[in-house]
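# Observations on the three-dimensional arrangement
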Protein chains: 2
Amino acid sequence: MAIKPVELSKAYRLLQVGPTTMISAKHDGDENVMAAAWVGIGGPNKVVAYIGKQADTRQLVEKSGYFVVHIPTAQQMEIVLFVGEHSKNTMPNKLDSLPLFYQEEFDIPMVEGCAGWLVCKVIPNSHQEQNFDLFMGEIVAAWSDDRVFKNGHWIFDDAPDELRTVHYVAGGQFYAIGKGTKFNHGPGVD
Amino acid sequence: MAIKPVELSKAYRLLQVGPTTMISAKHDGDENVMAAAWVGIGGPNKVVAYIGKQADTRQLVEKSGYFVVHIPTAQQMEIVLFVGEHSKNTMPNKLDSLPLFYQEEFDIPMVEGCAGWLVCKVIPNSHQEQNFDLFMGEIVAAWSDDRVFKNGHWIFDDAPDELRTVHYVAGGQFYAIGKGTKFNHGPGVD
């Protein structure tokens, strides 16, 4: 297992399968991780993330101008639910049990064990942020666990099932991504 | 099999598993259907859809102020690729081979055989539309095939596999949604 950089032009594919995500941010020594089900692609090399005003992580995003989108795996579903159910406001030691690491150049915590990580730089738009709680970010760096996303492609069917992405519905119910099929045509060939 | 209305407060769940979608629109008798991989939830009852300037369907969305997000199934993957690979500009009879139907009240074509359909009313924002090709829509009506999405919940594991949602990567490669797991806690319980 190795964490490898993902070519920026292909980083959107980490999100294109539509996984539930986690978002982390850090400002002035204060850091947090939240669950985020409403995160998608906002255009080439861009992410759109819904971050509600009740989320403590939001002010860290606003102040620092950066956030990291995590692509968690089936084996991390308890972590996703944990960070989604607990606020640092009521649980100050929320992050203590999380396995965090840092990539060089970016002082933002990342949760170990994910399938991928995308560092996003906020493209400021106060109208969207204030009225719709939507933050747009430009992807400036990305990494993947090369057992499951390699050379710009998901290889779920060759990887352990616990590395499949998770797709949350509600009430503790989620689905893992399933079986792959390949047609000999279709957009985005390479 | 029956196409049933989806309670608006739960319609976001059709999109929350992160499927690849199709988008249709109609204006003044002119109608079209496109593939759209970059469509997600933009907040409660809201959709954010990336619709590039090259898409013929875009002007129908702009002029009519409405679009329908389709949640296609594995059995429709050839249709998704077909509408993604062909433009009505170069193939005027593009829609002839598609099984279309209409719901009362909305004069917008819908493709038969999907797992769900969401009628969205554009929330105008010319800055986002022109600069980022992002269209925000409010979900004003939704339906699902109740064999696979019933009472506000996906029931993939009880439905035929060909009704699973599709998650496109690139180059003809897609994944179907996979196996479900239920925890006894988690946000969005009901």
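Residues numbered from 1 in each chain as written. Chains lettered and ligands numbered in written order. Predicted model: local features only at pLDDT ≥ 70, side-chain atom pairs only at ≥ 80, totals over all residues. Heavy atoms only, no water.

Taking an unreviewed UniProt entry as the reference, chain A is identified by name as NADH-FMN oxidoreductase RutF, flavin reductase (DIM6/NTAB) family belonging to Paludibacter jiangxiensis. You can read under Sequence similarities (unreviewed entry) in the UniProt record for chain A the words "Belongs to the flavoredoxin family." Under Cofactor (unreviewed entry), UniProt gives the following word-for-word description of chain A: "FMN". (UniProt positions renumbered as here; feature names shortened; annotations may be inferred.)

To continue, consider the sheet that holds strand 13 (residues 166-170) of chain B. Two modes of strand pairing occur in sheets, parallel and antiparallel, and in both the strands are linked by backbone hydrogen bonds. Ordered by their spatial adjacency, four strands build an open sheet running 13(A)-14(A)-14(B)-13(B), and the pairing between neighbours is antiparallel. Strand pairing shows two members of the sheet lacking a second neighbour, strand 13 (166-170) of chain A together with strand 13 of chain B, which therefore form its edges. Neighbour-to-neighbour, the strand axes of this sheet turn through a mean angle of 35°, independent of strand direction. (Pairing = 2+ DSSP bridges. Helix = DSSP H or I, 4+ residues; strand = E, 2+ residues; numbered from the N terminus. Axes fitted to C-alpha atoms, helices over the stretch in contact; angles between N-to-C directions.)

One pair of aromatic rings is described through two measures. These are the centre distance and the angle between the planes. All chains considered together, the criterion is met by 16 aromatic pairs over all chains. Between A:F156 and B:Y175 the ring centres are 4.9 Å apart and the planes differ by 90°, which places this aromatic pair in the edge-to-face class. Taken as a pair, A:F156 in the loop between strand 12 (153-154) and strand 13 and B:Y175 in strand 14 (residues 173-182) lie in two separate chains rather than in one. Accessibility classification places A:F156 together with B:Y175 in one group, the buried group. (Phe/Tyr/Trp six-rings, centres within 6.5 Å; stacked < 30°, edge-to-face > 60°. Buried < 20%, exposed > 50% of the residue type's maximum accessible area, 1.4 Å probe, protein only.)

Another aspect to go through is the environment of A:K88. All names here are of chain A. Examined against the element boundaries, K88 turns out to sit in the loop between helix 3 (77-85) and strand 7 (100-101). Separated by 51 residues in the primary sequence, K88 and A37 place their C-alpha atoms 19 Å from one another. Filtering out sequence-adjacent residues up to four positions away, K88 remains in contact with D30, E31, N32, D56 and K94. Of the polar contacts made by the side chain of K88, one reaches the side chain of D30; its length is 3.0 Å. For K88, the side chain forms a polar contact with the main-chain oxygen of E31, separated by 2.6 Å. (Contact = heavy atoms within 4.5 Å. Polar contact = N/O pair within 3.5 Å; in protein donor to acceptor, adjacent residues only side chain to side chain.)

Once that is clear, we can look at the environment of A:V148. Residue and element names in this part refer to chain A. Along the chain, V148 turns up in the loop between strand 10 (134-145) and strand 11 (149-150). On the basis of relative accessible area, V148 is assigned to the buried category, the value being 0%. Between the C-alpha atom of V148 and that of S24, which follows or precedes it by 124 residues, the distance is 22 Å. Residue contacts for V148: discarding those within four places in its chain leaves A115, H153, W154, I155, F156, A159 and L163.

Before going further, it helps to spend a moment on the UniProt feature "domain: Flavin reductase like" (unreviewed entry) in chain A. The positions UniProt marks with the feature "domain: Flavin reductase like" (unreviewed entry) are residues 14-151 of chain A. Structurally, residues 14-151 of chain A is divided into 20% helix and 41% strand, and its ends, taken at the C-alpha atoms, are 12 Å apart.

All names here are of chain A. With respect to the helices and strands, N32 occurs in strand 3 (residues 30-36). The class for N32 is buried, based on a relative accessible area of 1%. Reaching out from N32, the side chain makes a polar contact with the side chain of D56 at a distance of 2.6 Å. N32 has contacts with I23, S24, A25, D56, T57, L60, K88, K94 and L95, leaving out every residue within four places of it along the chain.

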